[in-house]
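# Examining the three-dimensional arrangement
What follows is the residue order along each chain.
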Amino acid sequence: MTVTTRLTWVQEKSLQNHFGGKQFSLLYKASDHEFSPQVLLQICSDQGPTVTVIYSGDHVIGAFMQKSYQAENEVSIKLFAFQETEILECEIRPCTPSMLFPVGKAKPWQRNSEFNIDLQEKYMYIHSNTSKKLGLPQCDSISFKECEVFRCEDVLDKRTMEGVTELRESLLSCIRTYKPYGDLVPQIRILLLGPIGAGKSSFSNSVKSVFQGRVMHQALVGSDTTGISEKYRTYSVKDKQDGNSLPFILCDSMGLGEEEEGLCMDDIPYILKGHISDRYQFNPMKPITSGHCNYIDSPLLKDRIHCVAFVFDANSIEHLSHEMVSTIRRVRRKLIKYGMVHLVLLTHVDSMDLITKDDFIDIYRCLPVKSKVEAVHKELGFALSDILVVSNYTCEWELDPLKDVLILSALRHMLWAADDFLEDLPLEDTR
C-alpha cells in the first residue's frame, strides 16, 4: 500500500521553498509504521537532512534537521509552524535523537527541554518561549494525531540537470530535422494572437534565443498593458548551428483589444489566407484593402497561416473581461470556419504563486498550473490537451535549460498542429 502525506500541496510546496527548494520523500508515517521512536529512528537514521511534521488539530508543526541524525550525535534543529499563509520559524539548541524522540514516557528533564516528541503518548512538549515564537498555544504539551518524516533532497541535482539537458537536445534535434507534412510548404507559419501584453513578442524572442544560444530581443516588448506590436511581423528563425533558417515562421500580430482597441477583426481572415505581408501597419478602425502596398493579391499555400496560438498571461486568465472573452470566441469562430487548428500558450508561469524553477520539470502536475489550464478550458472551451505552458525570456541574461524545454515542447506541439491542418486540406488547396 502506498503511504501518502497529510500535507496539502500548498503546505508541502511552501515548506520546500522555505527550506531552499527541496524535494520531499516520505520515509515514515506513524499511523502506517507504528507510533514508536525505535521504529522511527531505525527508518530515518542516516537519511541526510529531514523534516519531521506533526499534525495537531488545526496546527501543523515541525522540525527541520539540517544533517543526518545518528544515535547520540547532536543535530541542529529549526522548528516551524504554519500560521495561515506564512511559516514561522525558530532555531533551538542542538540535541540528540534520543532527546528529540524519547523512548518510553518522556522524563521530566526531557519535558523541560525546548522541544521533544513523545510518539507513544502522542504528545509534544514545547518550551513556552518557543511556543510564543511559533504562535502556538501557551501550554506545556500539545497532543497530536499524526507524525511524518521526510527526507530532503536538492531537486536540481547534477543527475536531474543532465536529464533536462538531454531532453533539450532531443527537442532541438526534433525541430531541426522537422519537415512540414507532405513537403507541401517549406516553412510552417504560426500566428500568435492574444490580448495586449500577453507575451506574444516575448515568445518570438524566446524561440529565437534558444536557437541562437543567447538571449535575444529582436521583437520589441512592452513594459505595460498597452503592448508594442502595431505591425504585422514575420520572424524566420535561424539556427546558430549551421546558419540555416528553421522550418517555421512566427507571425506576430497586434494584440486583441476591447471595443475599438486592438486588432481589427476584419483583418484576421486576410492574415489567415496570406494576403498580409511583413511590416503591415495595423489600423484598429479599418481592415487592409486590396490596393494597399502590403496586400498580397494571390497568396500561395506557403503564405497562409498553418497554425494559430492564442497567447495568454497565466496570471490574468481568470480576470479576462466579458468583452475580451467575447472577442476571443469571435476569433475562434473565424478560425473554425477556415478549418484552422489553434492552441493556447500560457505565459508568465514563472511568476505564479509557489511556482519555482524546479517545478518546470513536471509543470503540468503543479496544482496552480492545473488550475489555470482548467480555467482556460472552462472559460474559453479549449481542449485541455491544446493548452501549453511556457516561461519566456524577459529579463534574463543567460539561457536556462529548464525554460528551453518548455519553449521547445510548446513549439513542437504547434508544428504537429500545423501538420494536422495541412493533412486535412482539400486536394485543390494543396496545389
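Definitions and cut-offs
- Residues numbered from 1 in each chain as written.
- Predicted model: local features only at pLDDT ≥ 70, side-chain atom pairs only at ≥ 80, totals over all residues.
- Heavy atoms only, no water.
- Helix = DSSP H or I, 4+ residues; strand = E, 2+ residues; numbered from the N terminus.
- Rg over C-alpha atoms; globule rule 2.2 N^0.38 Å.
- Buried < 20%, exposed > 50% of the residue type's maximum accessible area, 1.4 Å probe, protein only.
- Contact = heavy atoms within 4.5 Å.
- Areas by Shrake-Rupley, 256 points an atom, 1.4 Å probe, with all protein chains shown as cover.
- Pairing = 2+ DSSP bridges.
- Axes fitted to C-alpha atoms, helices over the stretch in contact; angles between N-to-C directions.
- Core = buried A, V, L, I, M, F, W, Y, C linked by side-chain atoms within 4.5 Å.
- 1 Å grid on protein atoms, 1.4 Å probe; cavity = no way out; pocket = protein on both sides within 12 Å on 5 of 7 lines; lining within 4 Å.
- Points joined across faces, edges and corners; volume = space filled by probe spheres on them.
- Nonpolar A, V, L, I, M, F, W, Y, C, P; charged D, E, K, R; others polar.
- Phe/Tyr/Trp six-rings, centres within 6.5 Å; stacked < 30°, edge-to-face > 60°.
- Salt bridge = Lys/Arg side-chain N within 4 Å of Asp/Glu carboxyl O.
- pLDDT = per-residue confidence, 0-100.
- Expected span 1.5 Å × (residues − 1).
- Polar contact = N/O pair within 3.5 Å; in protein donor to acceptor, adjacent residues only side chain to side chain.

### Examining the overall build of the chain
- Of the regular secondary structure elements, the chain holds twelve helices and 16 strands.
- The C-alpha atoms of the chain give a radius of gyration of 28 Å, which is well past the 22 Å a tight globule of 431 residues would have.
- Reported as C-alpha extents along the three principal axes, the dimensions of the chain are approximately 95 × 45 × 40 Å.
- Looking at the 431 residues of the chain, the share that counts as buried comes to 51%.
- Put simply, 63% of the contacts in the chain that link residues at least 6 apart link residues at least 24 apart.
- Of the roughly 20,800 Å² that the chain leaves accessible, carbon and sulfur atoms contribute 47%.

### Section: the sheet that holds strand β12 (residues 245-252)
- With mixed pairing, the seven strands of this open sheet are ordered in space as β13-β11-β12-β10-β14-β15-β16. With partners counted over all chains shown, the strands left at the sheet margins are β13 (280-281) and β16 (387-389), one partner each.
- Here strand β10 (residues 188-193) pairs with β12 via five bridges, running parallel. Each residue of the ladder has a partner; that of Arg189, found in β12, is Ile249.
- Sheet contacts for helix α10 (residues 322-337): β10, β14 (307-313) and β15 (342-347); angle to β14, the most-contacted strand, approximately 165°.
- Contacting β14, β15 and β16, helix α11 (residues 367-380) crosses the sheet at an angle of about 150° to β16.

### Concerning the sheet that holds strand β6 (residues 115-118)
- Here we have three strands laid out as an open sheet, ordered β6-β7-β8, and antiparallel in their pairing. A strand with exactly one partner marks an edge of an open sheet, and here the two such strands are β6 and β8 (141-143). Direction aside, the axes of adjacent strands within the sheet are offset by 20° on average.
- Pairing geometry for β6 and strand β7 (residues 123-126), over four bridges, is antiparallel. By the bridge assignment for β7, Asp118 is matched with Tyr123.

### Examining the nonpolar core
- Grouped together as the largest cluster of nonpolar side chains are 88 residues, with contacts concentrated most on Phe211, Phe248 and Phe310.
- Among the elements that line this core, the one with the most residues is helix α12 (residues 401-423), at 13 residues.
- Beyond its immediate chain neighbours, meaning those up to four positions away, Phe310 contacts Leu193, Leu256, Ile328, Val331, Arg332, Leu335, His342, Leu343, Val344, Leu345 and Phe382.
- Residues Cys95, Leu100, Met124 and Leu134 belong to the second largest nonpolar core, which totals 32 residues.

### Comments concerning the layout of surface pockets
- Its boundaries defined by the atoms lining it, the second largest pocket holds a volume of some 450 Å³.
- Around the second largest pocket sit 15 residues that line it, and Trp9, Lys13, Gln16, Asp359 and Cys366 are the ones nearest its centre.
- When contributions to the lining of the second largest pocket are tallied by element, the ones reaching two or more residues are α1 (9-18) and β1 (22-29).
- Top element by residues in the lining of the second largest pocket is α1. It accounts for four residues.
- Classifying every residue of the lining of the second largest pocket by side-chain character gives five nonpolar, two polar and eight charged.

### A look at the packing of aromatic side chains
- Tallied over the entire structure, the rule returns ten aromatic pairs.
- Judged by centre distance (6.3 Å) and plane angle (85°), the rings of Tyr232 and Phe282 are edge-to-face. Pair noted here: Tyr232 is in strand β11 (residues 231-238) and Phe282 is in the loop between β13 and β14, with a separation of 50 residues, a long-range link.
- The interplanar angle of 80° and the centroid separation of 5.4 Å between the aromatic rings of Tyr280 and Phe282 together place this pair among those described as edge-to-face.

### Quick word on the pattern of salt bridges
- Following the criterion strictly, the structure yields 16 salt bridges and no others.
- The partner of Arg151 in a salt bridge is Glu153, with the nearest N and O atoms 3.3 Å apart.
- On the accessibility criterion, Arg151 (22% relative accessible area) is partly exposed.
- Linking Arg168 and Asp404 is a salt bridge whose minimum nitrogen-to-oxygen distance equals 2.7 Å. Of this pair, Arg168 sits in helix α7 (residues 158-176) while Asp404 sits in helix α12; the two residues are 236 residues apart in sequence, bridging distant segments of the chain.

### Examining the confidence of the model for the chain
- Looking at the chain, the pLDDT average stands at 87 and 94% of residues meet or exceed 70.
- Long-range and interchain partners of residues 108-112, a stretch whose pLDDT sits below 50, account for ten contacts in this model, where long-range means more than four residues apart.
- The model gives residues 223-227 a pLDDT under 50, and that stretch makes four contacts with residues more than four places away or in other chains.

### Notes on the environment of Lys231
- As for its position among the elements, Lys231 is in strand β11.
- Along the backbone, Lys231 and Gln47 are 184 residues apart, and their C-alpha atoms lie at a distance of 58 Å.
- Beyond its immediate sequence surroundings of up to four residues, Lys231 is in contact with Asp252, Arg279, Tyr280, Gln281 and Phe282.

### Notes on α1
- Among all positions of α1, only Gln11, Glu12, Lys13, Ser14, Leu15 and Gln16 are buried.
- In the core, the buried residues of α1 are packed alongside β1, β2 (50-56), β3 (59-65), β4 (75-83) and β5 (86-95).
- The positive-phi residue at the C-terminal boundary of α1 is Gly20, with phi of around 90°.

### Details of α11
- Its 14 residues place the ends of α11 20 Å apart at the C-alpha level, agreeing with the 20 Å of an ideal helix rising 1.5 Å per residue.
- Directly after α11, the chain includes Gly381, whose backbone phi takes a positive value near 85°.

### Here's the deal with the side chain of Ser253
- Along the chain, Ser253 turns up in the loop between β12 and α9 (267-273).
- A polar contact is formed between the side chain of Ser253 and the backbone oxygen of Leu192, at a distance of 2.8 Å.

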